[in-house]
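# Understanding the architecture of this molecule
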Amino acid sequence: MAGTITEKILDRHILEGERIRGAEVALHIDNTLTQDATGTMAYLQFEAIGMDRVQTQFSVSFVDHNTLQTDYKNADDHRFLQSIAQRYGIYFSRPGNGICHQLFLERFARPGNTLIGSDSHTPTAGGIGCFAMGAGGLDVACAMAGAPFRIKYPQIVGVRLIGKLQPWVSAKDVILEVLRRIDVKGGVGKVLEYCGEGVKTLSVTDRATITNMGTETGCTTSIFPSDEITKAFMESQGRAEQWVELLPDADAVYDEIIEIDLDRLEPMIALPHSPGNVKTVREVGKIKVDQVSIGSCTNSSLRDLKIVANALKGRTVHAGLHATISPGSRQVVEHLVESGEYLELVRAGVRIMENACGPCIGMGCAPSSGAVSVRTFNRNFKGRSGTADADVYLASPEVAVATAINGYLFDPRELGAFPEIQMPDQYLVNDNMILKPLPQQEASAVEIIRGPNIAPLPVFSPLDDTLAGKVLIKVEDNITTDHIMPAGAKILPLRSNIPEISKYVFEAVDSQFYHTAKECSGGFIVGGENYGQGSSREHAALAPKYLGVKAVIVKSFARIHLANLINFGIVPLTFVNPEDYDRIDKLDELEIEIGNLKGNCTLHNRTKGVTIELTHTLSPLDAEILKAGGKLPWIKKVMEERKQSYE
Ligand code: MIC
Ligand code: SF4
């Protein structure tokens, strides 16, 4: 059967279900990745499942988010993660090695494989032709235990690229153009599969910039073919033997086509406070800028930082702003040091940060009050930078560096000749910061080290047939997981401690949420469209669950958050008639008959005396998981039953 790349990979990994758009399929997962901010929970859950070793082809644990170490908490987590990796047969990338997605692309990603990662930007590996999806930590734990990963078979959008990018226009502008066209929920239920002649003009790291930020469209994943360019990249990373060709068939049929003429693209920028709020730099004009931050898993590759270093040569960062760089990996830094380009960055006065997520997740470098910050990152949600009233713009490294030199938003095409950069034939491969899995016998003897920051997992009970309580909060459209469970230097270190982190749920939206939830002994959340967009952090479900949230009632959900709600036993419901959103207010007393969750549910608003019809997209298995109180109690029960049937 003719196929797109997506269909070909899925055909080889489907364990249950078929190529039917929208139908649930269970996929075999070859690889997993975790990062430290979601990893501690994922590994506590893996431990609770009770396996002796990971069952995947390989799994990797990275440390890149929680690296500030303002006290013992992050260091505790890192020690725990290292010991867990050694105990269960997992690769461990030590802190200082770089950002998970950049590193996975350089050293691990394989074309044709399936990957899930406890980070929403896991699709970065789609740049190499890997079918890579973000997931909640518990789903990653289950995949490490050998369980399949379930998704709705996606619609496949062919993003046909034609032509070639002009100087000073780059991969970031391509994905910003995609976002301009389809916005932050245009990708829901879809895979963005890149095709067309223009693909051949993009390097693997350019492609990875595009698949990385594809996440912001809400899509299941994004993917590029694995072609001669992929082969050359893998050879230059010393991984030639892992390359396989992966192209769509000539008669492959896409469900939809988006065509982008690369020749005609110009520098783009996403305006506050949404990655979908895109305009051309020219349209926005010369606004004064206070900070420029370059890096993140979107734009921290060697190519990107070489452009920045060369554009800065002989120049100084404008006196009116601060410029920061967080390189993607140690490999990138080694090259910049070796070529002397690092010196240009230092001389120009750029503040060089650690090879980690850093400012992207509010770990340092928060802008000043009311500041304008131009960043090469992928998200500009309000407050994410650490400064509630900052205006964050998202753009390419070219726009960022041109702005850093001039002090105001600057179209890089006015900067002069495009720098000639020399990319290495062979990358400097040095895996000395990656600990390999230990042989089973040695692994079994490893002691897992837990400091006081690693709190035990909360335990949840099965759900009743009727849920009753008050509305704890009513929110609008496009609420992100950063609104629900903020990150940043203060809160991120609490990721391994649910009782503590739950005090910050909805902090920036309603600072009394925690107290309201406590006083009401739990209740409901009501919201608008695309509820839970953004990250994969399961804490945005786990912490509300801990506070007694029983159901979330909204107009529509983002994919990963929906799965996380199910995993932690919070019932995700949607209005049959979206106007019914107006018939519920904060603190209304509700009663919802969920029964066995097979069909629609009835909501009685006791305060207003109205009845509202709710629906859901739950499969029978989802319903079973929910009724059991979440995936962990459910999987433990399944494993126990399996064990008993063997005995
Ligand atoms: C993010 O970019 O928001 C994060 C931090 O990487 C999250 C994961 C997390 O919250 O730990 C993500 O994208 O999934
Ligand atoms: Fe890290 Fe930012 Fe990438 Fe998330 S988006 S993985 S915080 S660099």
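Here, the structure is the one placed above.
Residues numbered from 1 in each chain as written. Chains lettered and ligands numbered in written order. Predicted model: local features only at pLDDT ≥ 70, side-chain atom pairs only at ≥ 80, totals over all residues. Heavy atoms only, no water.

Near ligand 2 the following residues occur: His65, His101, Asp119, His121, Ser296, Cys297, Cys357, Cys360, Ile361, Asn378 and Arg384. Across the shell around ligand 2, the residue classes break down as four nonpolar, five polar and two charged. (Near = heavy atom within 4 Å. Nonpolar A, V, L, I, M, F, W, Y, C, P; charged D, E, K, R; others polar.)

Glancing now at the sheet that holds strand 12 (residues 256-261). Taken together, the four strands give an open sheet; going across it, the order is 11-10-9-12, and neighbouring strands pair in parallel fashion. The outermost strands of the open sheet, each flanked by one partner alone, are strand 11 (221-223) and strand 12. Ignoring which end each strand starts from, the neighbouring axes of this sheet average 20° apart. Bridge count for strand 10 (residues 190-195) against strand 11 is three bridges, and the pairing is parallel. (Pairing = 2+ DSSP bridges. Helix = DSSP H or I, 4+ residues; strand = E, 2+ residues; numbered from the N terminus. Axes fitted to C-alpha atoms, helices over the stretch in contact; angles between N-to-C directions.)

A word on the site of ligand 1. Of all residues adjacent to ligand 1, which total 14 residues, the nearest are Asp119, Ser120, Arg384, Ser536 and Arg537. One of the side-chain nitrogen or oxygen atoms of Gln35 is found 2.9 Å away from an oxygen atom of ligand 1. Note that an oxygen atom of ligand 1 is positioned 2.8 Å from one of the side-chain N or O atoms of Arg495. For ligand 1, the accessible surface in isolation is 330 Å², of which the surrounding protein chains cover 97%. (Polar contact = N/O pair within 3.5 Å; in protein donor to acceptor, adjacent residues only side chain to side chain. Areas by Shrake-Rupley, 256 points an atom, 1.4 Å probe, with all protein chains shown as cover.)

Here three strands make up an open sheet; going across it, the order is 1-2-8 and the pairing antiparallel. Sheet topology places strand 1 (14-16) and strand 8 (149-152) at the edges, where each strand pairs with a single neighbour. Across the sheet, the mean angle from the axis of one strand to that of its neighbour is 45°, orientation sign disregarded. In the packing of helix 1 (residues 5-13) onto the sheet, contacts are made with strand 1 and strand 2 (24-27), and the angle to strand 1 comes to roughly 50°. (Contact = heavy atoms within 4.5 Å.)

Another point: the packing of aromatic side chains. By the definition in use, this model includes 15 aromatic pairs. Summarising the aromatic geometry, the rings of Tyr91 and Phe108 are spaced 5.4 Å apart at their centres and angled 70° between planes, so their arrangement reads as edge-to-face. Of this pair, Tyr91 sits in strand 5 (residues 91-93) while Phe108 is found in helix 4 (residues 100-108), placing the two residues 17 residues apart along the sequence. Residue Phe108 is classed as buried on the basis of its relative accessible area, which comes to 8%. Judged by centre distance (5.0 Å) and plane angle (80°), the ring pair of Trp168 and Phe418 falls under edge-to-face. In this pair, Trp168 sits in the loop between strand 9 (155-162) and helix 6 (171-182) while Phe418 sits in the loop between helix 13 (397-406) and strand 20 (434-435), placing the two residues 250 residues apart along the sequence. (Phe/Tyr/Trp six-rings, centres within 6.5 Å; stacked < 30°, edge-to-face > 60°. Buried < 20%, exposed > 50% of the residue type's maximum accessible area, 1.4 Å probe, protein only.)

The next point concerns the pairing of strand 4 (residues 58-62). Side-chain direction in a regular strand flips from residue to residue, so the side chains alternate between the two faces of the sheet. In terms of residue burial, strand 4 counts as a mostly covered element, since five of its five residues are buried. Along strand 4, one buried face is formed by Phe58, Val60 and Phe62 and the opposite face, lined by Ser59 and Ser61, is buried too. With four bridges connecting them, strand 3 (residues 31-34) and strand 4 associate as parallel partners. Paired with Thr32 across the two strands is Ser59, which belongs to strand 4. Read from strand 3 through helix 2 (residues 36-49) to strand 4, the crossover connection turns out right-handed. Tracing the backbone out of strand 4, into helix 3 (residues 72-88) and back to the parallel element strand 5 gives a crossover that is right-handed. (Right-handed = clockwise from strand over helix to strand, strands pointing away.)

A few words now on the packing of helix 6 against helix 7 (residues 204-214). The geometry of helix 6 relative to helix 7 is characterised by a closest axis approach of 8 Å and an angle of 30° between their N-to-C directions. On the basis of the axis angle, helix 6 is roughly parallel to helix 7. Classified by chirality, the crossing of helix 7 by helix 6 is right-handed. Of the residues in helix 7, those in contact with Ala171, Lys172, Val174, Ile175, Leu176 and Leu179 of helix 6 are Asp206, Thr209, Ile210, Met213 and Gly214. The residue makeup of the contact of helix 6 with helix 7, split by class, is seven nonpolar, two polar and two charged. (Parallel < 35°, antiparallel > 145°, perpendicular 65-115°, else oblique. Left-handed = near helix turned anticlockwise from the far one by under 90°.)

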